[in-house]
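# Chain and residue survey
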Amino acid sequence: MIQSPDQEGQDVVLAAGGNPQAFERLYRCHHGRVHSLALRMAGVEWAEDLTQEVFIRAWTKLGTFRGDSSFGTWLYRLAVNLILSRRQTLKRRQQRHLPDDGLLDRLPARERHPGMALDFEAAIQRLPDGAKQVFVLYEVEGYPHAEIAEMMGINAGTSKSQLHRARMMLREYLQ
Amino acid sequence: MKHPDSRRFSDFLEGDLAPGEAKELEKHLAECDACSLVFRDLRAHQQQARDLPDRFPSRDLWPGIAAAIQEEGGQDPHVIRLHPATSEPVRPWRRRFHLSVPQAVAAGLVLAMFSGVVGARIDHRSGSPTEAFQEPTSQGAGSSWVGMVREATPGLEAMAVEVAGLEEVLAQRRGDFDPRTIEIVEKNLGIIDGAIRESVSALRADPGNRFLENNLERAILAKGEYLRDAAFLVIPVS
């Protein structure tokens, strides 16, 4: 579902006034991208929960949206912040499910045949957390290093290093 | 042959190399198959990442969100909870409208400016949100919609009267303001009034529904907040 900026603007005003139908239209327009972001940054097991949480948070925060950027930009930034803030919790839960954190990395390498390269999305999922998050934010979402650094509480140099690390690891996984 | 550090490939992809360095790297890549292969892979993956399609959830998440925001409504500080008349809550609405004298004057001017608009004519969207509010106004511009609110949810009348009262008192000052600003604010007020009207209609069909009552309160609250914000944006003409 795609809305014109005018329609979207009207729905934002309506939703801020408490109209759930307008908010549902906004959800229908943006849930794909929010879910993709959650899926790539946090993994498939948390993506749907996080997507719901993002929209619930957006509903309660709509009053703070001043229209300085598009609603989408505001929403995705809110999503990134929420997903990043959940990192530690998710990591702890993940450790309960996967007692051996490095298990995947120690599995025997797949036999390499043409056409058997790991799916690109699956390869992203194999990246260590920091590298994965920077890769998704920079390469998929298009945030600059300075903004990534601010969101993740690291410096821009670290963001660049993590990105390079992610690129080289992906290359290895996908060969 | 001396190979560059692979970090240079990343710098190159990000456009961070100085022109001289970029030229040197390009020259090396043209001559070195091994480095060229690595760089081509990195560039291909970059493109692949940019082209990734959206991945949609496996199920419709909206029902869960709708249920949560309905529940959340009771906890949202913007929402005025409905309680039995015996225990009147401290309403955020009232806290928010403790204005200083200059603020009150400014808000009053804006309310005045738009009172005619809200009461008489906001019809840019299909469905003309305020058509239903266009009763003859011997009692004042806001009286018709206040009546509708009172009929739907008597407990909200006082809040509606606060807004409508200001509209009425200051109705004549509309001409003091820039017409373009009036147009924008008028349009947005029309949208909010549409939400008020929708909630009132829904409450007529389902009287006493707390979710709908909360919606109506939020819409009236939003209208008041919008007017307050607009008070500090609008610049009187001369």
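This structure is a prediction, so every number in the text was calculated from the model and none was measured.

## Concerning the overall build of chain A
Scanning chain A from N- to C-terminus turns up 10 helices and 0 strands. What you see in chain A, going N to C, is helices and strands ordered as α-α-α-α-α-α-α-α-α-α. Counting every position in chain A, which comprises 175 residues, the buried fraction comes to 35%. Within chain A, contacts between residues at least 6 apart in sequence are counted, and of these 60% link residues at least 24 apart.

## Observations concerning the confidence of the model for chain A
Taken residue by residue, chain A gives an average pLDDT of 85. The fraction at 70 or more is 82%. In the predicted structure, residues 97–117 of chain A sits below a pLDDT of 50 and forms 5 contacts with residues beyond four places in sequence or in another chain.

## Some details on the interface of chain A and chain B
With 33 residues of chain A in contact, the opposing surface of chain B contributes 35 residues. The set of elements that each furnish at least two residues to the side of chain A that touches chain B consists of α1 (5–16), α2 (20–42), α3 (44–61), α8 (129–140) and α10 (156–174) of chain A. Counting residues per element, the side of chain A that touches chain B draws most heavily on α2(A), at 9 residues. Partitioned by chemical class, the residues of the side of chain A that touches chain B number 14 nonpolar, 13 polar and 6 charged.

## Looking at the nonpolar core
Counting residues in each nonpolar core, the largest one holds 66 residues, and the members touching the most others are Ala38(A), Phe135(A), Val149(B), Leu216(B) and Ile220(B). Considering every element that reaches this core, the biggest residue donor is α2(A), with 10 residues.

## Observations concerning the packing of α3(A) against helix α4 (residues 71–85) of chain A
Residues and elements named next belong to chain A. Following both chains from N to C, one finds α3 and α4 inclined at 120°, their axes separated by 10 Å at the closest point. Comparing the axis directions of α3 and α4 gives the class oblique. Regarding α3 and α4, the two cross each other, and that crossing is right-handed. The residues of α4 that touch α3, namely those facing Leu50, Glu53, Val54, Arg57, Ala58 and Lys61, are Leu75, Leu78, Ala79, Leu82 and Ile83. The class makeup of the residues in the contact of α3 with α4 is 8 nonpolar, no polar and 3 charged.

Reading the values: the criteria
- Residues numbered from 1 in each chain as written.
- Chains lettered and ligands numbered in written order.
- Predicted model: local features only at pLDDT ≥ 70, side-chain atom pairs only at ≥ 80, totals over all residues.
- Helix = DSSP H or I, 4+ residues; strand = E, 2+ residues; numbered from the N terminus.
- Buried ≥ 20, exposed ≤ 12 C-beta atoms within 10 Å, placed from the backbone.
- Contact = placed C-beta atoms within 7 Å.
- pLDDT = per-residue confidence, 0-100.
- Nonpolar A, V, L, I, M, F, W, Y, C, P; charged D, E, K, R; others polar.
- Core = buried A, V, L, I, M, F, W, Y, C linked by C-beta atoms within 7 Å.
- Axes fitted to C-alpha atoms, helices over the stretch in contact; angles between N-to-C directions.
- Parallel < 35°, antiparallel > 145°, perpendicular 65-115°, else oblique.
- Left-handed = near helix turned anticlockwise from the far one by under 90°.

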